[in-house]
Amino acid sequence: MAENIEQVLAEPRGGRRLTDLVTVVLRWAPGGAPLPEWTSLEDGARALGLPEEAAAEARIRLSGEALARAHWVLDGLDAGESLFSIVSGVGTALQLFYDRIRRAEPQVAELDARQRADAANKFFALACATRWAFGGSPEAGLTRLQELPAGRAMVVWFSVIEVLLPFSDELADGTLPALMEAERAPALKRLRAAVGEQAAGAADELWPGLLVLCSEQAGAASRLPGGVAMVVGKFLPSVVNAAEMVGEVAAGALDSLPVYHYLGARLVAEAALVGPLPEPAPLPISEPPPVAPPASEPPPVSLSVSEGAAATVPPELVAGQRLPTLTPVETEPAEPAAPERIGSSLPPEVPPPLPPPPPLPP
């Protein structure tokens, strides 16, 4: 894939007109900056302040599955591509802008539905590509997206062209969050059909943070003096003539400019140059509490039963249950009772013998 990426960098489809159009938007938007021109990974390494060997390492990374899939998704976001069946682009956004000014309601209703669905498809696909391109946690991936020149350019282009330009009259009411929430279910369904359940789930983890970035970008651009009308009336005419801005046929020609093909290749190339983010550490598994050692068994209790008597064992002393601890009670020994005479089974007491009689006189 490295040869394909470098070919796009050297000779992007759409030529100079495409790169000039992207540069105009990036120069006007708050936080945007024109992308430095580079036609190879060596140029990119120098532009990012990386050592020379970064280009060779990037070519190896570009052969990996994650970056290949990120490029594949981003490449499918231009009008006419079959992956998501996108039909709108900068031409449709411009036509919607002018149709709202002219209050051309029938045209607005049809274009509005098309633009909303396509904007949601691009938004959730961008979230998916961000996860594939950078790895790491969703928060770290969004930070990396903002740090890289092409990542920042992608956020600016989407926020200004896909949202602010066609929906500028609604943005004050929180259009972007409302739009994405309303289109979320069908957009994720299309994403699952295109890239699979697991990838769509990764996009679902990242999109809330991406929504914050894009909302802030669109809001900042809308507060510029003159608003979006400034970029349409003053900057775009340098690369787009008036007939293309307002004509439906010409709008289709603008839609066909492969902006995401170009920005996507730049973004994937920069991701390969800087390398993937470290994967987040797995959550620690809580150990079960230690099992207390069994209590020492009490000494065995011997039950003696007098001969001929029946032994009655209480229920709590049945086999298999622990014997209760018995506390001995000290008592004073009782004095033996005198044996009974009447009715007793003892023999009668024998009186002592009488003394002998005195001797007779002579």
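Before going into details, it helps to say that this report is about the structure given with it. (Residues numbered from 1 in each chain as written. Predicted model: local features only at pLDDT ≥ 70, side-chain atom pairs only at ≥ 80, totals over all residues. Heavy atoms only, no water.)

Turning next to the pattern of salt bridges. Under the counting rule described, the total for this entry stands at 15 salt bridges. Salt-bridge contacts for arginine 16 lead to glutamate 37; the nearest nitrogen and oxygen are separated by 3.1 Å. On the criterion of sequence distance, the pair formed by arginine 16 in helix α2 (residues 15-28) and glutamate 37 in the loop between α2 and α3 (41-47) is long-range, its members being 21 residues apart. Of the two residues, arginine 16 and glutamate 37, neither departs from the other in class, the shared state being exposed. A salt bridge links glutamate 110 to arginine 114; its shortest N-O distance comes to 3.6 Å. Of this pair, glutamate 110 and arginine 114 both sit in helix α7 (residues 105-134), four residues apart, which is roughly one turn of that helix. Among the residues examined, glutamate 110 registers a relative accessible area of 53% and is labelled exposed. Each of Glu6, Glu42 and Arg59 takes part in salt bridges that share partners, so that together they form one network. (Salt bridge = Lys/Arg side-chain N within 4 Å of Asp/Glu carboxyl O. Helix = DSSP H or I, 4+ residues; strand = E, 2+ residues; numbered from the N terminus. Buried < 20%, exposed > 50% of the residue type's maximum accessible area, 1.4 Å probe, protein only.)

It is worth spelling out the environment of aspartate 78 at this point. Inspection of the secondary structure assignment puts aspartate 78 in the loop between α5 (65-75) and α6 (90-102). Accessibility expressed as a relative area gives 4% for aspartate 78, which makes it buried. With 184 residues separating them in the primary sequence, aspartate 78 and tyrosine 262 have C-alpha atoms 10.0 Å apart. With sequence-adjacent residues up to four places away left out, aspartate 78 is seen in contact with Ile86, Leu257, Pro258, Val259, Tyr260 and His261. At 2.8 Å, the side chain of aspartate 78 forms a polar contact with the backbone nitrogen of histidine 261. (Contact = heavy atoms within 4.5 Å. Polar contact = N/O pair within 3.5 Å; in protein donor to acceptor, adjacent residues only side chain to side chain.)

So, on to the packing of aromatic side chains. The description of an aromatic ring pair rests on the distance of the ring centres and on the angle between the ring planes. Tallied over the full model, the rule gives five aromatic pairs. Between phenylalanine 97 and tyrosine 98, the aromatic rings sit 5.5 Å apart at their centres with planes inclined by 80°, giving edge-to-face as the arrangement. This pair shows no difference in class: phenylalanine 97 is buried, exactly as tyrosine 98 is. Arranged with centres 5.9 Å apart and planes meeting at 35°, the rings of phenylalanine 123 and phenylalanine 158 form a pair that is tilted. Of this pair, phenylalanine 123 sits in helix α7 while phenylalanine 158 sits in helix α9 (residues 149-167), and the two are 35 residues apart along the sequence. A residue is classified by how much of its surface remains accessible, and phenylalanine 123, at 0% relative accessible area, is buried. Relative accessible area serves as the criterion here: at 1%, phenylalanine 158 is assigned to the buried category. An aromatic cluster is present here, built from Phe123, Phe124, Phe158 and Trp207 joined pairwise through their rings. (Phe/Tyr/Trp six-rings, centres within 6.5 Å; stacked < 30°, edge-to-face > 60°.)

Attention now moves to the side chain of glutamine 217. For glutamine 217, the position within the fold is in helix α11 (residues 197-222). Side-chain polar atoms of glutamine 217 contact the backbone oxygen of proline 30, separated by 2.8 Å. Here glutamine 217 is in contact with Ala29, Pro30, Arg152, Val155, Val156 and Ser159, once residues within four sequence places are set aside.

Here the focus is unusual backbone geometry. Of note, serine 85 is a non-glycine position whose phi angle comes to about 55°, a positive value. Structurally, the position occupied by serine 85 is in the loop between α5 and α6. With relative accessibility at 51%, the residue serine 85 sits in the exposed group.

All of the buried residues along helix α4 (residues 53-61) are Ala54, Ala55 and Ala58. The buried residues of α4 occupy one face: seen down the axis, they fall within an arc of 100°. Summarising the contacts, the buried residues of α4 are in contact with α3 and α15 (259-274). (Arc of directions from axis to C-beta.)

This brings us to the nonpolar core. In this structure, Phe123, Trp157, Leu191, Leu210 and Leu263 are the most contacted members of the largest nonpolar core, which totals 96 residues. In terms of residues, this core owes the most to one element, α9, which gives 13 residues. Those residues in contact with tryptophan 157 that lie beyond four places of it in its chain are Leu21, Val22, Val25, Val90, Glu162, Val259, Tyr260 and Leu263. (Core = buried A, V, L, I, M, F, W, Y, C linked by side-chain atoms within 4.5 Å.)

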